[in-house]
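# Chain and residue survey
Each chain is listed here by its residues.
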Amino acid sequence: MKRRALLSLLCLGVAACAAGNQASDSSSAAALEAYPPEGRFLEVSGHRVHYVEKGNGPPLVLIHGASGNLRDWTYRAVDQLSRRYRVIAFDRPGMGYTPRIDSDGASIFEQAALLSAASRQLGAERPIVLGHSYGGAVALAWAVEHPERVSGLVLVSAASQTWDTGVPFFYRLTSGPLSGIANPAISALAGEERVLNAIAGVFAPQPVPAGYAEHIGAQLALRPASLRENALQRASLKSEIARMVPRYGQLGLPVEMLHGDADTTVGLQIHSVPTSRQIPGANLVVLPGVGHAAQHVAASQMYAAIDRVAARAGLR
């Protein structure tokens, strides 16, 4: 009797998993149709990289944060900055339309190597590199590992130090042994309201700008493979930053930092305050009352920080 009950439960589990996979496949297909690639593709040592390029002037690379894609930059920043810079925005590995590097989750060092090589392939040998949130850690890895390939850094709400807490349950679930079941279910069940609430949480305490939620293509990050890659990257971030922090004092390039003091995702006092003291000549601008989405909420301050780096690097 027990064997029969277990067999019944197993059959129900398999059926539920199959149904979840079918629903998530449908959701993924809908996301791809609704949010097609905005840019072009290049290959770096056989690895495809999706990018958007626009404008003329000093080269500027934009790197998006976790659970995102380059649409975060094409919402407004690319058009605004392309008036003065040659702007290149990349999809990070495993996100948007850039495939993952491997099955273990791309480290910030692997991502920096790939994106810096892609930048060079596009003829941007020593760009200014701007990273938001997780993308800020990738930008720092770029500068630490490849200082000859960057003219300056702009770090916006950037993860740059270790922290006391462990990996949140959501990331343990979506990167762990149950991810094959959990991720398709999350992909299938994450409704529009949950997506909008997640976006609102990133912008809080400021409101989400008009049209942003429709533009960003958050559903691309809900594809099962992207859920897993994002979780793997997030799970290893703290240890990767720990390896990087002792090298901040060796950085000899212009660094501008922006961080809101109401950011509850990446805390100002935990991250940017100590980092600004460790990097020689780094300039930190604290944004009163601003949350995590400073690249949108404080866009004019971000543009000014880019101009300061360009001037300090002799590009303007």
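### Focus: the overall build of the chain
Across its full length, the chain holds 13 helices and eight strands. The C-alpha atoms of the chain give 20 Å as radius of gyration, which agrees with the globular expectation for 316 residues (20 Å, within 12%). Considered along the principal axes of its C-alpha atoms, the chain spans approximately 75 × 40 × 40 Å. When the 316 residues of the chain are sorted by exposure, 53% land in the buried category. Summarising the internal contacts of the chain: among those between residues at least 6 apart in sequence, 78% fall at separations of at least 24. As displayed, the chain offers around 13900 Å² of accessible surface, 56% of which is attributable to carbon and sulfur atoms. For the chain, the distance from the average position of its 28 positive side-chain charges to the average position of its 24 negative side-chain charges is 3 Å.

### Here's the deal with the pattern of salt bridges
Here the structure, examined in full by the defined rule, presents 10 salt bridges. One network of salt bridges, in which partners are shared, links Arg40, Glu53 and Arg86.

### Some points on empty space enclosed by the protein
A complete count under the given rule lists one cavity of 30 Å³ or more for this structure. Space inside the largest cavity adds up to approximately 50 Å³. Looking at the largest cavity, the residues that line it are Tyr35, Pro36, Pro37, Glu38, His50, Asn69, Leu70, Arg71, Asp91, Tyr97 and Leu220.

Criteria and thresholds
Residues numbered from 1 in each chain as written. Predicted model: local features only at pLDDT ≥ 70, side-chain atom pairs only at ≥ 80, totals over all residues. Heavy atoms only, no water. Helix = DSSP H or I, 4+ residues; strand = E, 2+ residues; numbered from the N terminus. Rg over C-alpha atoms; globule rule 2.2 N^0.38 Å. Buried < 20%, exposed > 50% of the residue type's maximum accessible area, 1.4 Å probe, protein only. Contact = heavy atoms within 4.5 Å. Areas by Shrake-Rupley, 256 points an atom, 1.4 Å probe, with all protein chains shown as cover. Lys, Arg positive; Asp, Glu negative; His and termini not counted. Charge placed at Lys NZ, Arg CZ, Asp CG, Glu CD. Salt bridge = Lys/Arg side-chain N within 4 Å of Asp/Glu carboxyl O. 1 Å grid on protein atoms, 1.4 Å probe; cavity = no way out; pocket = protein on both sides within 12 Å on 5 of 7 lines; lining within 4 Å. Points joined across faces, edges and corners; volume = space filled by probe spheres on them.

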